[in-house]
Amino acid sequence: MLNYLQDARVIPAAPTAPARDVAIVNLSLDVSRRSFLAGAGGALTVAAFAGSAEAFIRYPTGGETMPHGLRTDPLTFVTLHGDGSVEIVAHRAEMGQGARTSLPMVLADEMGADWDQVSLRQAPGDEATYGNQDTDGSRSMRHHLQTMRQIGASIRHMLASAAAQKWEVEVSAVEVGVHEVKSGENTAGFGELAELAMRQPVPDFEALNFKDAADFRYIGTGDVSIYDIRDITTGKAIYGADVMLPGMKVAVIARPPVVGAEPTAFDSADAEEIPGVERIETLPSSIPPAKFAPLGGVAVIASNTDAAIKGRDALKVTWGDSPHASYNSEAYLAEMRETAKQPGQVLREEGDVDAAFAGAAKTVTRQYAQAHMVHATMEPPVAVAQVANGKAEIWAPVQSPYGARQDIAAALGMPVADVTVHMTLLGGGFGRKSKCDYAIEAALLSQKIGAPVKVQWTREDDIRHGFNHTTSVERIEAAVDADGKVVGWRHNSVAPSILSTFAPDSGHQFFIENGMGHIDVPFEIPNLRCENGKAMAHARIGWFRAVSNVPRAWAIQSFAAELAEELGKDQKEMLLELIGSDRKLDPPTQGFPENFWDYGEVYEEYPIDTARLKNVLNLAADKSGWGAEAPDGEGWGLAVHRSFVTYVATAAKVKIVDGQITVPEVHMAVDCGFAVNPERIRSQMEGAAVMGMTLALHSAITYEDGAVVQSNYHDYEMVRSTNFPQVVHTHIVEHPFSVHASGVGEPGVPPVAPAIANAVFNATGKRLRDLPFGESI
């Protein structure tokens, strides 16, 4: 049911962009760095059935259990053309994270295609054909790496079979090279064999052989840039707002300021006087739990965007009451703080926690808070819909095109088969565009007026009427023995749940949220308890980049630094002591609940590995020069966290300049298994540093009388070119292909804010416990 997100913030252009520095670092394995063959015209040839059987060993991923699972039909994903070009279908959404490039790149490499002769076609929302398309959860590569290789190997097999048939030779005598097939004196390009190859039987998996890692041309090299980069840079790329249809109208909607309120009356006379305004329509209201149903309201429909916005602003709407009209952030935060002090639902228990605290020589208790946040993507939500003749066609920047298709069909009262959803490029997503309320709005209005409609959200609409990242209070207590060892740990997490968007609200988080940095805490402490206190939701709660990992990493990594200070220890050494010995956690014997969620993966394939966690911590610390004395007003901070089965550590340098927190340097150490596309991994870590600094300094949505206070970037700020991470060094832990690739879109975000806060303490002596903590100190 739930979806999660991956993508990267846009880094400001040079000369203010952070300097890029990426290194592939071999820490965990005693193997030499692979040598790679570069150049589109390389002379490498790979026999159609070359490569060892061990070059591809299947392993299970969560992709098999996602709705509609995985697809491996090469005829669905690849078209060979007579001119030699190769068309590959991109079935995942592209929002800067690189899935549209990296997955086709894997396929192209395995089949032997020259990337310069590859074109991409974006798939519509059709999971029966393409398998699961929910682009979220940092899982595009970890779920689809194997399927893309299998499809590529199938096409290579079919090319070899076509050549053998044409030349009347044994298939074993055929070699498939770089966009070329050979056998003895016979040579043919892919184009010459295209028609015949596409008619070959699709081979069974058992008939396939795969490239050895040493023969990869693109996989693992970082030599392939994002496919659409030129069109994006020159303004040719098509985003949601770029879609234009003949006769299209533009709608801007007055939505209720408080979730669940309905318009009891409205006066549209002034709006209708504005040139270009053509009609006024209402949309039905909703209140959670309503999944992604629109909030409702009054729509102004016009011939152009400017008229629609002016018309909406001229409306006089009277809104009815809502059960959430009394929601006030300050009072709610105080209530959560009190709740966190009381025992909560026990989610995980190991050892005798009460005895550990009763016998402790010292106890340390802290609370950490985080405000609501909103996605605030550079591209606000937008969708174009055309509903006519019993059919609906939608163009929109959506992360879950098939989910949108289902929800739109339900809203229109149509069969899913009569709805088509086209994915445009996304100008940022962060989880917001997994929720298709804006596309439903466009479809409903088009159905009402019998013409194509573009629904355009303004920045103010996006800030005030989106889905919020949850707010939270995290209370952590440690019991310390006479030797200064932590022997007891108690963590109570209090936050409204995402589940309240889908089902009646119990006030408690559910197993997916619990598995995001809370019950999976990897510390080797003999007595440990994780609890969840009750907090009822009063806003629409939705997933946000890294989701509940953000408040949990914020709290745990800040608390570890405070423990170090309390016990007179170095922060890195304190973390290493808490993490303990090299081991893989064993959930059944360590007090985990039976429904422990490991990001949807088979735990045995992606266990919690403390050696890998310590590796990235040591790497970030070593590369930053941790331990060196810093000048007055400067300091370094550390944080480390596992999320989406990837391990990331951050070392952040803070310098106080005229009372302002600046971050001149950041080191991001990432272990994501086999690094399929280092260029995109680096970009994701850079984006995470920028977004993490934004969350640390600026991101807070607050409510008064049930309504959002903030409205635009002047009061919901982003880091800007005047103050952002100036240099971001990315250090990628090297692994062979046998170490499963894992997610990179989200895991970089959680450790950034606590690393910055810990650096602020080391620079100033001031401890920060609430997110955001502001730019001034």
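Further up the page is the structure itself.
In this text, all values refer to a predicted model and were calculated from it rather than measured experimentally.

Requested: an account of the sheet that holds strand β21 (residues 486-494), with residues and values cited.
On the basis of which strands lie adjacent, the open sheet formed by 6 strands has the order β14-β22-β21-β20-β15-β29 and mixed pairing. Single-partner strands in this sheet number two, and they are β14 (345-350) and β29 (770-771). Sheet topology places β21 next to strand β22 (residues 527-533); 7 bridges connect them, and they run parallel. Residue pairing across strands places S493 opposite N532, the latter belonging to β22.

Tell me about the environment of D126, and name the residues and values.
Along the chain, the position of D126 falls in the loop between β5 (118-122) and α3 (127-130). D126 sits 35 residues away from H91 along the chain, and the two C-alpha atoms are 8.9 Å apart. Residues in contact with D126, not counting those within four places in the same chain, are G131, Q133, Y402 and R405.

Go over the sheet that holds strand β19 (residues 453-456), please, and point to the residues and values.
Pairing is mixed in the open sheet, where 7 strands are placed in the order β11-β12-β9-β19-β16-β17-β18. With partners counted over all chains shown, the strands left at the sheet margins are β11 (277-283) and β18 (419-423), one partner each. Between one strand axis and the next, the sheet turns through 25 degrees on average, direction left out of account. Where strand β17 (residues 391-396) meets β18, 5 bridges bridge the pair, whose relative direction is parallel.

Which residues make up the packing of helix α15 (residues 549-567) against helix α16 (residues 571-579), and what values go with them?
It is the contact of α15 with α16, at a shortest axis distance of 9 Å, that shows an interaxial angle of 110 degrees. Judged on the interaxial angle alone, α16 and α15 are roughly perpendicular. Here α15 and α16 pass one another in a crossing that is right-handed. Residue-level contacts link Q557, A560, A561, L563, A564 and L567 of α15 to Q571, M574, L575 and L578 of α16. In terms of residue class, the contact of α15 with α16 is made up of 8 nonpolar, 2 polar and no charged.

So what's going on with the side chain of E127? Residues and values would help.
With respect to the helices, strands and loops of the structure, E127 is situated in helix α3. Of the side chains bearing the opposite charge, R92 lies closest to the buried E127, which forms no salt bridge; the N-O distance is 6.6 Å. A polar atom in the side chain of E127 sits 2.8 Å from the side chain of H68. Side-chain polar atoms of E127 contact the backbone nitrogen of Q133, separated by 3.0 Å. Apart from the residues lying within four places of it in its own chain, the contact partners of E127 are P67, H68, R71, N132, Q133, D134 and Y402.

Describe empty space enclosed by the protein, with residues and values.
Inspection of every chain in the model, using the stated rule, returns 7 cavities of 30 Å³ or more. Approximately 240 Å³ is the volume attributed to the largest cavity. Q97, S102, M141, S742 and V744 are, among the 24 residues lining the largest cavity, the residues nearest its centre. Within the residue set of the lining of the largest cavity, elements represented by two or more residues are α2 (99-111), α4 (140-167) and α18 (678-697). Residues lining the lining of the largest cavity come from more than one domain, with at least three contributed by each of domain 1 (51-234) and domain 3 (340-373 + 467-771). Empty space within the second largest cavity amounts to approximately 120 Å³. Every residue along the wall of the second largest cavity is listed here: G517, D520, V521, P522, F523, I556, Q557, I608, L613, V640, H641 and R642. Elements supplying a minimum of two residues to the lining of the second largest cavity: α15 and β23 (634-643). With 3 residues, β23 is the single largest residue contributor to the lining of the second largest cavity. Residues of the lining of the second largest cavity, tallied by class, amount to 7 nonpolar, 3 polar and 2 charged.

Let's hear about helix α17 (residues 610-624): which residues, and what values?
Helix length check: α17 (15 residues) gives 21 Å between terminal C-alpha atoms against 21 Å at 1.5 Å per residue, within 8%. Along α17, 11 of the 15 residues are buried, which leaves the element largely enclosed by surrounding structure. Among the residues of α17, T610, R612, L613, K614, N615, V616, L617, L619, A620, A621 and S624 are the ones counted as buried. The residue sitting at the N-terminus of α17 and contributing the capping side-chain oxygen is D609; that oxygen lies 3.0 Å from the backbone nitrogen of A611.

Parameters and conventions
- Residues numbered from 1 in each chain as written.
- Predicted model: local features only at pLDDT ≥ 70, side-chain atom pairs only at ≥ 80, totals over all residues.
- Heavy atoms only, no water.
- Pairing = 2+ DSSP bridges.
- Helix = DSSP H or I, 4+ residues; strand = E, 2+ residues; numbered from the N terminus.
- Contact = heavy atoms within 4.5 Å.
- Axes fitted to C-alpha atoms, helices over the stretch in contact; angles between N-to-C directions.
- Parallel < 35°, antiparallel > 145°, perpendicular 65-115°, else oblique.
- Left-handed = near helix turned anticlockwise from the far one by under 90°.
- Nonpolar A, V, L, I, M, F, W, Y, C, P; charged D, E, K, R; others polar.
- Buried < 20%, exposed > 50% of the residue type's maximum accessible area, 1.4 Å probe, protein only.
- Lys, Arg positive; Asp, Glu negative; His and termini not counted.
- Salt bridge = Lys/Arg side-chain N within 4 Å of Asp/Glu carboxyl O.
- Polar contact = N/O pair within 3.5 Å; in protein donor to acceptor, adjacent residues only side chain to side chain.
- 1 Å grid on protein atoms, 1.4 Å probe; cavity = no way out; pocket = protein on both sides within 12 Å on 5 of 7 lines; lining within 4 Å.
- Points joined across faces, edges and corners; volume = space filled by probe spheres on them.
- Domains from an automatic or database assignment.
- Expected span 1.5 Å × (residues − 1).

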